Structures are given as structure tokens and as C-alpha cells.
Amino acid sequence: MRDFVNKEIKKIKPSGIRKFFDIAKEIDGAISLGVGEPDFDTPWHIREEGIYSLERGKTYYTSNAGLKDLRIEICNFMNRKYNISYEWNKNILVTVGGSEAIDMALRAMIDPGDEVIITTPCYVSYEPCATLAGGIVKTIPLKNENEFRLTKAELENAITPKSKILIMCFPNNPTGAIMEKKDLEEIKDVIIKHDLVVISDEIYSELTFGKNHISIASLPGMKERTIVINGFSKTYSMTGWRLGYACGPENIIFQMTKIHQFAIMCAPTNSQYAGVEALKNGDDDIIYMRDAYNERRRFVLKRLEEMGIPCFEPKGAFYVFPDIRGFGLSSEEFCLRLLKEEKVVVVPGNAFGESGEGFIRISYAYSIDDLKNALARVENFINNYLAK
Amino acid sequence: MENKNRERILKNLEFNSRIDLHDLAIMLNITEADLANEIADMEKEKIICGYPTLINWDNTDKEQVTALIEVKVTPQRGIGFDMLAERISRFNEVTSVYLMSGGFDFMVLIEGKSMKEVAKFVFDKLSALESILSTSTHFVLKKYKDHGVDLFTEKKDEREMVSA
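Residues numbered from 1 in each chain as written. Chains lettered and ligands numbered in written order. Predicted model: local features only at pLDDT ≥ 70, side-chain atom pairs only at ≥ 80, totals over all residues. Heavy atoms only, no water.

Asks: An account of the overall build of chain A is requested, with residue identities and associated values reported.
Replies: When helices and strands are tallied, chain A shows 13 helices and twelve strands. In terms of C-alpha radius of gyration, chain A reaches 21 Å, essentially the compact-globule figure of 21 Å for 388 residues. C-alpha atoms of chain A, sized along the principal axes, occupy 65 × 60 × 55 Å. Burial status across chain A gives 57% buried among its 388 residues. Across chain A, the fraction of contacts at a sequence separation of at least 24, relative to all contacts at a separation of at least 6, is 76%. Per element, the accessible surface of chain A, about 16200 Å² overall, is 49% carbon and sulfur. A gap of 3 Å separates the mean positions of the 49 positive and 54 negative side-chain charges of chain A. (Helix = DSSP H or I, 4+ residues; strand = E, 2+ residues; numbered from the N terminus. Rg over C-alpha atoms; globule rule 2.2 N^0.38 Å. Buried < 20%, exposed > 50% of the residue type's maximum accessible area, 1.4 Å probe, protein only. Contact = heavy atoms within 4.5 Å. Areas by Shrake-Rupley, 256 points an atom, 1.4 Å probe, with all protein chains shown as cover. Lys, Arg positive; Asp, Glu negative; His and termini not counted. Charge placed at Lys NZ, Arg CZ, Asp CG, Glu CD.)

Here it is in C-alpha cells:
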């Protein structure tokens, strides 16, 4: 029998997070600081609206691009929060989570051989999706000393005549880094000069601490060359509902919608109804969760400082990305030993690209009690390690 | 101290009054001394009025019943409802007294050992007070949620280890 499997797919490595979690699952009684999703239940008024949609018999497909009401609310949200104006029937595609939107955007834009610039460390899907769409991936390893922000020089250095797309994600998973307005303005000129299009994954946009998120699409001249990816998973703690969206120029959204129509049909109908409620009446939920995350963030940073583990202060998402190079272990060795000796799960930084080597990702989407308990174990591990 | 911090102190204490103040100070990015002062101030200002523990007595061997009593009264000249509310509040059996809008005036929460004991309280003590026009007693059969705490469902982490 022939080997039926596509050769390109075989070359793609499974996610490094997956690999590590498979090991963790075998360890009895392990406690986790590894999960990359909120610990809050979806607020009840949002869930209730999803249930109500079922009761009303909303069990059919919606239009391919998503419910009109939802797209209108997405436009309102983008305008109210980030000062970008979109038209609901031209610039919005509702997707099955932000992940689908990323895939659709890449597939709609990449021609074979186009170079896709990806800042790393980053979420695990960008590179395989770009490769599968026929793109050539060029990574920019971001630096701890720059608080993992993308600089003008780094971007300039990565660009070749074949460069077409820049994928970036701020607030960032796994580093928690953000880009402020001045940072975005610096790279904006390079993007325009080299006529690039940006896929800006802003899924953590509502989780910034101290400063409000700025979308690169809100800068003059950028809306027409940016696909903003956002969604409900992180903002409203709705990961399981699988609901996201892309906002962008009409011609690109039109092509993305075409692929989405053939591949997916539409995002889950009941999730879309719940999404309308979230956008209309969920602003207080965001504040509630953000305040809680911020308190946990301060707690984790302080504990790391007490342990003597250096970590820049992340101002977004719900991760800290401490620097463990001082221990003389690779990220994977560090995480494996921590798991075996103290039964705590954290994710090795290299799961998010080579530039994550020497770092670990700690999620603080856990209660203070859980964090306290787990970090006490981390401290134990370090003290034992240093004593040897 | 800014109001925002006060609110966060209160929210955290309301959820868990046993929270370690050392931890809470870190979480709020203030010093432990400032936090202690702020809490002391709020105690003085009667913003923080106590630190009781939420107990589900149903899970103990202790026999206990809770009743809500709707009370209609004639307000007294010059002092309105306050004097009477204070009198009702003095009884040890009474755990809460609220002035209500709508069809009756006070909602009184009573805890007693038995229905009989509560009934005795209503007859002998409450109804006997002058200005009380009528009472209507409702016994609690089962408590599901109290002070924002779900007493029945155990919260467990449903999250799977996924690649996110």
C-alpha cells in the first residue's frame, strides 16, 4: 500500500506544548501552571443567552461571515475600544476561534514562495499554518532585554524582496509582552516602506495592565494593510465556544470568507448569539477578570523575585516568562525536573520557538491559592537544585 | 488611598477574609503597613463591619432552622422605622433586619434550634412589640447559595492540557 499521507504535513512537528503535556499527564498529582486559557467560567448572562438561543430553536447555520448582529457588535467594540471603524458587511469575518482566522488570513494571502515574517517566541500555530499555505517562514527572535517587543531594526533586518506578511501577537503568548503606541509607530514606517501586510493577533487585547491596548490597525495608513485577529476566548473566558473574528480590508476579508465558506460554513450559531450578549453587556466582566489577573500577576512576579529568578514585567496576557538561563539547564530539562521533583507543570520556552530557549512560561490563570501552592513547590525545587 | 484600591481590598476580603495580608499587599502593589492602615480605617468608618464565617449548618449535626419573617409595622412619629428596627435587632435570634420597599416593612431573618423555637419567638417577642401590625413567617427548607457562595457545586478545574 502507498503512504497516503501528505509529505509536507509529515514534516511539521507536533506542538511542543502537546509533547510536554503528554509527559505531565503521566505524573500523578501534578499541579499545573501550564494551561493557556482563563480559569473563569464564562459569565452566566453570556451562557444564558447561548442557552436561550437553543430554546428559541436557533439551531441552523448563520450566514457564512456570521450573524449580522454579531458583526455589528464587533464593529462597535473595535470602535469603542481601539478607535478603528469597520463596516459590518465588508470588513468582518466571524470564525471558529482566532486560530481559524489566522489560518484563513494566511491562506487568503500567501502565494507560493512568499515570505512570512513571524516574531518569536509566539503561539504555536503561526509557523505550521504559514508553511501549509505555501509560505516561507522567517522568524525574528525577540529579545528579553527589549521586553520581547519588536524593534524597527529587527524588522528591517528580516525583510527581503520576497517578504509579504508580518505576523505579530501583542499582548503576547507566551511572554506577556505588549507593544505601546511608540513601539508600533516605529515599525509602522518599515511596514509601509516595504509594502507588507500585517496579521495582528490581538486575542489578549483586553488583558493589559496599566495601559490600554493599542491596535496597529488604528495607526494612520495601517488599517488598509492589517488583518486584526481577535475573539471571545480570552476576553470573555469563552474558549470552549470557539468564537473569533478577523477584521480587515474588504478584498482580503472577501477571499477569507470564501475559504471559510467552503471549509467551515459558519461559526457555531449558539456561540454567535452568546457572543452578541458578551459584546453588548460584557464590559464589566472584562474589568472583573482583568483586575483579578493583575493581582495574580503582581503576586507571581514578587514570588519569582523572592526566588531570585529574573523576569521582565509583562504588561499583558496572563503569562510571565522568567529567564532560567542562570540555572545551567535547558528549558526542557528545567521543566522536566520541576515536574518530576515537585510535580509542577510549566511550559518550556522553546515550545514557542528557539528564541524561547532559556525561558519558561508560567500561566497565572489560576487562583491565588493555587499559585501560592505551586510557586512554593517551584521555590523548593530551586533551593534543592542550588543546594546540590 | 485611591478608591480603586479600597474597592479591591474589599472585594478580596469579601471573597476571602482570611487572605494573607502579606499576599494581598503584593497583589495590590501597596505596602503591608498601608494595607493594614487602610483596613483599620475602613473598620472605623464602618465600611468593614465584621469578619464572620459562612457556615452551612446543614452539613453539621446541629439542629438549626432559618426563617424569613415579613413584618408590617406602624412607623412611629418622628423616628420613622429606625427605633423599631433597632429593637428587633437586639434579639439574639435575629441575624438580619432589612427595611423593605413593597408590601411589607421589615424583612427579619431568624435562626433558631427548631420551628417551635422560632414560632415561640414570633408569638412571644416579635408580635408583642407595639407598632407591629402583622407578621408572616417563611421557613427556609434548603440553602443553595449564600453570600455569593454556591453551597452545592464543587468547583473543579475543567481545563484540559491543550496546546494553547
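Asks: Please give an account of the overall build of chain B that cites residues and values.
Replies: Looking only at helices and strands, chain B features five helices and six strands. Taken over the C-alpha trace, chain B has a radius of gyration of 21 Å; the compact-globule value for 164 residues is 15 Å, which it surpasses by more than 25%. The C-alpha extent of chain B, read off along each of the three principal axes, is 60 × 40 × 30 Å. For chain B, with 164 residues in total, the buried portion stands at 30%. Restricting to contacts in chain B with at least 6 residues of sequence separation, those with at least 24 account for 60%. Just so you have it, chain B exposes about 11300 Å², and 52% of that area is on carbon and sulfur atoms. Measuring between centres, the 22 positive side-chain charges of chain B sit 5 Å from its 29 negative side-chain charges.

Asks: Explain the sheet that holds strand β2 (residues 92-95) of chain A to me, and be specific about the residues and the numbers.
Replies: All names here are of chain A. With respect to topology, seven strands assemble into an open sheet ordered β2-β8-β7-β6-β5-β3-β4, the strand pairing being mixed. The two strands at the open ends of the sheet, each matched to only one other strand, are β2 and β4 (136-141). Averaged over neighbouring strand pairs, the angle between their axes works out to 20° when direction is ignored. Where β2 and strand β8 (residues 244-247) come together, four bridges link them in antiparallel fashion. Paired with I92 across the bridge in β8 is C247. Contacts between helix α5 (residues 97-109) and the sheet are confined to β2, β3 (115-120), β5 (163-169), β6 (197-201), β7 (226-231) and β8, with β7 contributing the most and set at about 160° to the helix. (Pairing = 2+ DSSP bridges. Axes fitted to C-alpha atoms, helices over the stretch in contact; angles between N-to-C directions.)

Asks: Let's hear about the pattern of salt bridges: which residues, and what values?
Replies: The tally for this structure, following the rule as stated, stands at 40 salt bridges over all chains. D291 of chain A is paired through a salt bridge with R8 of chain B; the nearest N and O atoms lie 3.7 Å apart. Of this pair, D291 of chain A sits in helix α11 (residues 283-307) while R8 of chain B sits in helix α1 (residues 3-15), each in a different chain. Both residues of the pair, D291 of chain A and R8 of chain B, count as buried. Connected through shared salt-bridge partners, E147, R149, E180, K182, D183 and K211 of chain A make up one network. (Salt bridge = Lys/Arg side-chain N within 4 Å of Asp/Glu carboxyl O.)

Asks: So what about unusual backbone geometry? Which residues, and what values?
Replies: The omega angle of the peptide bond from T120 of chain A to P121 of chain A is 0°, so this bond is cis rather than trans. Take P121 of chain A: it is sitting in the loop between β3 and α6 (126-132). The amide bond that connects N173 of chain A to the next residue, P174 of chain A, takes the cis arrangement and shows omega of 15°. Here P174 of chain A shows up in the loop between β5 and α8 (181-193). In this structure, N29 of chain B takes a positive phi of about 60° despite not being glycine. Inspection of the secondary structure puts N29 of chain B in the loop between α2 (21-28) and α3 (32-44).

Asks: An account of the nonpolar core is requested, with residue identities and associated values reported.
Replies: All names here are of chain A. Counting 91 residues, the largest nonpolar core has L106, I165, M256 and Y293 as its most contacted members. Ignoring any residue separated from it by four or fewer positions in sequence, one finds L106 in contact with V116, Y126, C129, A130, A133, I165, I167 and I199. Counting residues in each nonpolar core, the second largest holds 28 residues, with L67, M78, Y86 and L279 among its members. (Core = buried A, V, L, I, M, F, W, Y, C linked by side-chain atoms within 4.5 Å.)

Asks: Residues and numbers for the interface of chain A and chain B, please.
Replies: Buried accessible area, meaning the area lost when the parts come together, often serves as the stated size of an interface. Facing 29 residues of chain A, the contacting portion of chain B comprises 18 residues. Contact with chain B buries area across many residues of chain A, yet D291, E295 and R298 of chain A alone supply 26% of it, more than any other trio. At the boundary of chain A with chain B, the tally comes to six salt bridges. Applying the counting criterion to the chain A and chain B interface returns ten residue pairs in polar contact (both at pLDDT 80 or more). Elements with a minimum of two residues in the side of chain A that touches chain B: α2 (16-25), α11 and α13 (368-387) of chain A. A per-element tally of the side of chain A that touches chain B places α11 of chain A first, with eight residues. Class assignment of the residues belonging to the side of chain A that touches chain B gives a composition of 13 nonpolar, four polar and twelve charged. (Buried area = accessible area lost by both parts, 1.4 Å probe. Polar contact = N/O pair within 3.5 Å; in protein donor to acceptor, adjacent residues only side chain to side chain. Nonpolar A, V, L, I, M, F, W, Y, C, P; charged D, E, K, R; others polar.)

Asks: Residue-level account of a nonpolar patch on the surface, with values.
Replies: Residue and element names in this part refer to chain A. A contiguous nonpolar patch, built from V5, I9 and L132 and spanning about 260 Å² of accessible area, is present on the exposed surface. Mapped onto the secondary structure, V5 falls in the segment before α1 (7-11). Residue class for V5 comes out partly exposed when judged on its relative accessible area of 46%. (Patch = residues over 30% accessible without salt bridge, like charges linked within 9 Å, V, L, I, M, F, W, Y side chains within 5 Å.)

Asks: Kindly report on the environment of N157 of chain A, identifying the contributing residues and their values.
Replies: Residue and element names in this part refer to chain A. As for its placement among the helices and strands, N157 is situated in helix α7 (residues 152-158). Judged by its relative accessible area of 68%, N157 falls in the exposed class. Distance from N157 to V197, taken between C-alpha atoms, is 17 Å for residues 40 residues apart in sequence.

Asks: Would you mind going over the sheet that holds strand β12 (residues 360-363) of chain A in detail, with residue names and values included?
Replies: Spatial ordering of the open sheet is given by β9-β12-β11 (chain A), a layout of three strands whose pairing is antiparallel. Two strands bound the open sheet, and with one partner strand each, they are β9 (319-320) and β11 (347-348) of chain A.

Asks: Give a detailed account of the packing of aromatic side chains, specifying residues and quantitative values.
Replies: Counted by the stated rule, this structure contains 22 aromatic pairs over all chains. Between F148 of chain A and F359 of chain A, the ring centres sit 5.4 Å apart and the planes meet at 80°, which makes this aromatic pair edge-to-face. Residue F148 of chain A is found in the loop between β4 and α7, and its partner F359 of chain A is found in the loop between β11 and β12; the two are separated by 211 residues along the sequence. Neither residue differs from the other here; F148 of chain A and F359 of chain A are each classed as buried. With centroids separated by 5.6 Å and ring planes inclined at 40°, the aromatic side chains of Y144 of chain B and F152 of chain B adopt a geometry described as tilted. (Phe/Tyr/Trp six-rings, centres within 6.5 Å; stacked < 30°, edge-to-face > 60°.)

Asks: So what about helix α10 (residues 269-281) of chain A? Which residues, and what values?
Replies: Residues and elements named next belong to chain A. The first and last C-alpha atoms of α10 sit 19 Å apart over 13 residues, in line with the 18 Å expected at 1.5 Å per residue. The buried count for α10 comes to ten of 13 residues, which makes it a mostly enclosed element. Buried positions along α10 lie against α3 (44-55), α4 (68-82) and β2. (Expected span 1.5 Å × (residues − 1).)

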